[in-house]
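# Report on the structure
Given next are the chains, with one letter for each unit.
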Amino acid sequence: MHITSENHVYAMSSEHKPVASIKPGERFTADLLDCFSGTIKCERDLYGPDHWKTVNPATGPVFIEGAEKGDILAVKVHDIRVADYGIMIVHPGSGEVGDSIRKTETRVIPIVDGQMVFSDKVRVPVNPMIGVIGTAPKGASIPTGKPGEHGSNMDCKLITAGSTVYLPVYHEGGLLAMGDIHALMGDGEVCVTGVECNGTVELEVSVLKGVTLPTPIVETDDLIATVAAHADLDIAAHNATKKMLTLLEKRFGMKRNEAAMWMSAFADLRICQVVNPLKTCRMEAPKSALTPYDANPSLCF
Ligand code: CA
Ligand code: CA
């Protein structure tokens, strides 16, 4: 199954009609538009108020067969292929240093042989990630730019090929949608963009039943990270940490005080981004320090 990028939405919503139906375990590919819906293509295209209407398109929603309210989707990212260029912008008032930016600028960054050509002097390997990936939220529709308990615009740079994203199912089929590929992004996404790319993702979804996890969670070969979003960065940090405490107690059988000390000794609390309507933080637990509690410290049961 291949889903083209004309099939996109600007909100995560239970009211959207699915564009495809996928069986658990069935690999599928989807084309994703960049965060500007392809409206900024060259350095003459400058970001402005008109672009607000078409930011953060997400391909989908995809109906996952058999997924029911209360289940969890485990979305395995097999591959992320990026186009041959990425876009970055700066804009007065946007991002963490928007108050210091005087002039809007667009930079087109060629991507050649897996390397992004940031400038004449700087050429680095890409590390493609998915910025927006989520399910239909519990209540009213939420714009795709806003992260939350349903995932969406988390901008967690751990969501790369090989990782698994765990998302809640609030409505039949889950209604998965994704977009906002970055060829590269630093934690914080401070200028308001990563290296924004069109691209194609290859995904596979499992449906976990009878399992309670403090979603959203991202698992890589080495880490398990709980993610939380809030307008206040302190509260996002607190909530990501609380979710990890819950995971360590419920999944790994740690006593509460031990779990708190375990996190303080082994885990890393990090910022995902500070430039979206809600900020996101993650608490990263290294699997190497979880093996004494479970020889296979994965969440895919
Ligand atoms: Ca984003
Ligand atoms: Ca982005």
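Residues numbered from 1 in each chain as written. Chains lettered and ligands numbered in written order. Predicted model: local features only at pLDDT ≥ 70, side-chain atom pairs only at ≥ 80, totals over all residues. Heavy atoms only, no water.

## Considerations on the coordination of the calcium ion (ligand 1)
To keep it simple, the criterion reads: As a rule, N, O and S atoms within 2.8 Å of a metal are its donors, except that Na, K and Ca use 3.2 Å; water is not among the atoms, so sites may look incomplete. Where helices and strands are cited, they refer to DSSP runs of H or I of at least four residues and of E of at least two residues respectively, numbered from the N terminus. Only protein chains enter the calculation, and the probe is 1.4 Å; a residue is then buried if its accessible area is under 20% of its type maximum, exposed if over 50%, and partly exposed in between.
The protein atoms that coordinate the calcium ion (ligand 1) are Asn 153 (OD1), Asp 155 (OD), Asp 155 (OD) and Asp 180 (OD), at distances of 2.2 to 2.5 Å. All donors to the calcium ion (ligand 1) come from one chain, and their sequence spacing reads N-x1-D-x24-D. If you look at the calcium ion (ligand 1) and the calcium ion (ligand 2), they sit 3.4 Å from each other and are both ligated by Asp 180. Remark: Asp 180 occurs in strand E16 (residues 176-182) and Asn 153 occurs in strand E14 (residues 151-153); sequence separation between them is 27 residues. The pair Asn 153 / Asp 180 is uniform in exposure class, with both members buried.

## Quick look at the coordination of the calcium ion (ligand 2)
The protein atoms that coordinate the calcium ion (ligand 2) are Asp 180 (OD), Asp 180 (OD), His 182 (NE2), Glu 196 (OE) and Glu 196 (OE), at distances spanning 2.3 to 3.1 Å. Spacing between the donor residues of the calcium ion (ligand 2) along the chain follows D-x1-H-x13-E.

## Observations concerning the side chain of Ser 13
Note the following rule: Pairing of N or O atoms within 3.5 Å defines a polar contact, subject to two protein rules: one partner must be a possible hydrogen donor and the other a possible acceptor, and residues neighboring in sequence count only if both atoms are side-chain atoms. By definition in these notes, contact holds between two residues if any of their heavy atoms fall within 4.5 Å.
Looking at the element boundaries, Ser 13 is found in the loop between strand E3 (11-12) and strand E4 (20-22). The class of Ser 13 is buried, set by a relative accessible area of 4%. At a separation of 2.9 Å, a polar atom in the side chain of Ser 13 contacts the main-chain amide nitrogen of Glu 15. A polar atom in the side chain of Ser 13 sits 2.7 Å from the side chain of Ser 141. Filtering out sequence-adjacent residues up to four positions away, Ser 13 remains in contact with Ala 136, Pro 137, Ser 141 and Leu 175.

## Considerations on empty space enclosed by the protein
Put simply, the test is: Cavities and pockets are defined on a 1 Å grid built over the protein atoms alone: a cavity is a set of grid points where a 1.4 Å probe fits but cannot escape, while a pocket is an open set with protein on both sides within 12 Å along at least five of seven lines, and lining residues are those with an atom within 4 Å of any such point. Grid points are joined across faces, edges and corners, and a volume is the space filled by probe spheres set on the points. Residue classes follow a fixed rule: Ala, Val, Leu, Ile, Met, Phe, Trp, Tyr, Cys and Pro count as nonpolar, while Asp, Glu, Lys and Arg count as charged, and any other residue, Gly among them, counts as polar.
All chains considered together, the criterion is met by 1 cavity of 30 Å³ or more. The computed volume of the largest cavity comes to approximately 30 Å³. In terms of lining, the largest cavity is formed by Val 9, Ala 11, Met 12, Ser 13, His 16, Pro 61, Thr 135, Ala 136, Leu 175 and Ala 177. The residue inventory of the lining of the largest cavity, partitioned by class, reads 7 nonpolar, 3 polar and no charged.

## Notes on unusual backbone geometry
Omega for the peptide link from Gly 60 to Pro 61 comes to 0°, which places this bond in the cis form. Take Pro 61: it is sitting in strand E6 (residues 58-64). For the bond running from Thr 215 to Pro 216, omega is -10°, close enough to zero to count as cis. Tracing the backbone through its elements, the reader meets Pro 216 in the loop between strand E18 (199-208) and strand E19 (217-219). At Asp 113, a position not held by glycine, the phi torsion is positive, near 50°. By relative accessible area, which is 77% here, Asp 113 ends up exposed. Positive phi, close to 65°, is recorded for Asp 180, a residue that is not glycine.

## Some thoughts on the pairing of strand E12 (residues 129-134)
A regular strand places its side chains on the two faces of the sheet in alternate fashion. What counts here: Any two strands between which DSSP finds at least two bridges are classified as paired.
For E12, the tally of buried residues reaches 6 of 6 residues, placing the bulk of the element in the interior. The sheet contact formed by E12 and E16 spans 5 bridges and is antiparallel. Paired with Ile 133 across the two strands is Met 178, which belongs to E16.

## So, the sheet that holds strand E22 (residues 279-286)
Let me state the cut-off plainly: All axes are obtained by fitting lines to C-alpha atoms, using only the stretch in contact for helices, and the reported angles, taken between N-to-C directions, cover 0 to 180 degrees.
Strand order in this open sheet of 9 strands is E1-E5-E18-E7-E15-E19-E20-E22-E21, and the pairing throughout is mixed. Strand pairing shows two members of the sheet lacking a second neighbour, strand E1 (2-3) and strand E21 (268-273), which therefore form its edges. Packed on one face of the sheet, helix H1 (residues 233-250) meets E19, strand E20 (223-230), E21 and E22 and runs near 140° to E20.

## Structural notes on the layout of surface pockets
Using the following cut-off: The domain boundaries here were taken from an automatic or database domain assignment.
Of the pockets and cavities examined, the largest pocket occupies roughly 480 Å³. The wall of the largest pocket is formed by 26 residues, among which Trp 52, Val 55, Asn 56, Val 192 and Asn 276 lie closest to the centre. Looking at the lining of the largest pocket residue by residue, the classes come out as 11 nonpolar, 10 polar and 5 charged. Residue-level mapping places the lining of the largest pocket at the junction of two domains, with at least three residues from each of domain 1 (2-9 + 21-208) and domain 2 (217-289). Approximately 170 Å³ is the volume found for the second largest pocket. Taken together, 13 residues make up the lining of the second largest pocket; nearest its centre are Ile 72, Pro 168, Thr 212, Leu 213 and Pro 214. Taken together, the residues that form the lining of the second largest pocket break down as 7 nonpolar, 3 polar and 3 charged.

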